[in-house]
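# Working through the structure, step by step
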Amino acid sequence: MRQKKLLLTGFEPFLDHPINPTEQIVKTLEKRDIGEYQVYGHILPVRFNESAKELIDVFEEIQPDVVISLGLAAGRNRITPERVAINCNDGEPDNEGMSYCDQAIQPDGPAAYFSTLPLRQIVDTLQEHQFPAEISNSAGTYLCNNIMYQMLHYIDEQGLDVRSGFIHIPASHELTIQSRKGYPSWSMESLISALQLIISCLDNDK
Ligand code: PCA
């Protein structure tokens, strides 16, 4: 049986966050075999004009069976798989100083795309293992929403049988200490274990 490929992405640090725990998670898990999947890792820039293009280039090179993109949501206390990506760029400037206000990501694209990851199974599995989790109904309007929308749009336009979605993770202890903010935080060990459980959910799906 052909081994399945999972493309797991994280982001570089952004705004006033000195580190991005998603980068550490991806670097730890890349090249590992987890369940039926071999993990291919990639760290994306936080740039409206580049992130999605880079993600799609990597996608075309690897041709994965599943895409899971990770982003930091400092302030959230749970792991939150995102249900939906909306066709909107808005908010804070990116790492290049570029910002958008109320702008469509794809002017002719649909209003939104739903995640095609097994969201309920992911949340239930995490909670059974004592990791707090909840489906989130908004990925915001910054880079995380942008790449989730663009990846799902590409898969849809190309008519591919590939599941894709986005998962926000809470701050790590290291980030909370370094940033001197009061973010709720998780140990890196717990974040890695939770991600392994999430990836194992893909095996029973479909
Ligand atoms: N989180 C941001 C972008 C990069 C990241 O890790 C977001 O939630 O949009």
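Let us look at the structure shown here. Predicted model only: the values in this text are computed from it and were never measured.

The next subject is helix α6 (residues 188-204). Between its first and last C-alpha, α6 extends 26 Å over 17 residues, near the 24 Å set by a 1.5 Å rise per residue. Within α6, the full set of buried residues consists of Leu 191, Ile 192, Ala 194, Leu 195, Leu 197, Ile 198, Ile 199, Cys 201 and Leu 202.

This part covers helix α3 (residues 119-128). Residues of α3 that are buried: Leu 119, Ile 122, Val 123, Thr 125 and Leu 126. Looking straight down α3, one finds that the buried residues subtend no more than 165° of arc, so they occupy a single side.

With the rule as written, the count across this model stands at one cavity of 30 Å³ or more. The computed volume of the largest cavity comes to approximately 40 Å³. Along the walls of the largest cavity sit Phe 11, Phe 14, Asn 20, Val 46, Gly 71, Leu 72, Tyr 142, Leu 143 and Cys 144, which together make up its complete lining. Among the secondary structure elements, those contributing two or more residues to the lining of the largest cavity are β4 (66-72) and α4 (143-158). Split by residue class, the lining of the largest cavity holds seven nonpolar, two polar and no charged.

In the vicinity of the ligand, the residues found are Phe 11, Phe 14, Asn 20, Val 46, Gly 71, Leu 72, Tyr 142, Leu 143, Cys 144 and His 168. At a separation of 3.0 Å, an oxygen atom of the ligand approaches a polar side-chain atom of Asn 20. Between the ligand and Leu 72, the relevant distance is 2.8 Å, taken from an oxygen atom to a main-chain nitrogen or oxygen of the residue. Out of a free accessible area of 260 Å², the ligand has 94% covered by protein chains. Counting only elements with at least two residues in the shell around the ligand, the list comes to β4 and α4.

Here the focus is the pairing of strand β1 (residues 4-11). A large share of β1 lies buried, amounting to six of its eight residues. Bridge count for β1 against strand β3 (residues 37-44) is eight bridges, and the pairing is parallel. Bridge pairing links Leu 6 to Val 39 in β3. For β1 and β4, the ladder comprises four bridges, and the chain directions are parallel. Paired with Leu 8 across the two strands is Ile 68, which belongs to β4.

The rules we used
- Residues numbered from 1 in each chain as written.
- Predicted model: local features only at pLDDT ≥ 70, side-chain atom pairs only at ≥ 80, totals over all residues.
- Heavy atoms only, no water.
- Helix = DSSP H or I, 4+ residues; strand = E, 2+ residues; numbered from the N terminus.
- Expected span 1.5 Å × (residues − 1).
- Buried < 20%, exposed > 50% of the residue type's maximum accessible area, 1.4 Å probe, protein only.
- Arc of directions from axis to C-beta.
- 1 Å grid on protein atoms, 1.4 Å probe; cavity = no way out; pocket = protein on both sides within 12 Å on 5 of 7 lines; lining within 4 Å.
- Points joined across faces, edges and corners; volume = space filled by probe spheres on them.
- Nonpolar A, V, L, I, M, F, W, Y, C, P; charged D, E, K, R; others polar.
- Near = heavy atom within 4 Å.
- Polar contact = N/O pair within 3.5 Å; in protein donor to acceptor, adjacent residues only side chain to side chain.
- Areas by Shrake-Rupley, 256 points an atom, 1.4 Å probe, with all protein chains shown as cover.
- Pairing = 2+ DSSP bridges.

In short, geometric facts, not functional conclusions.
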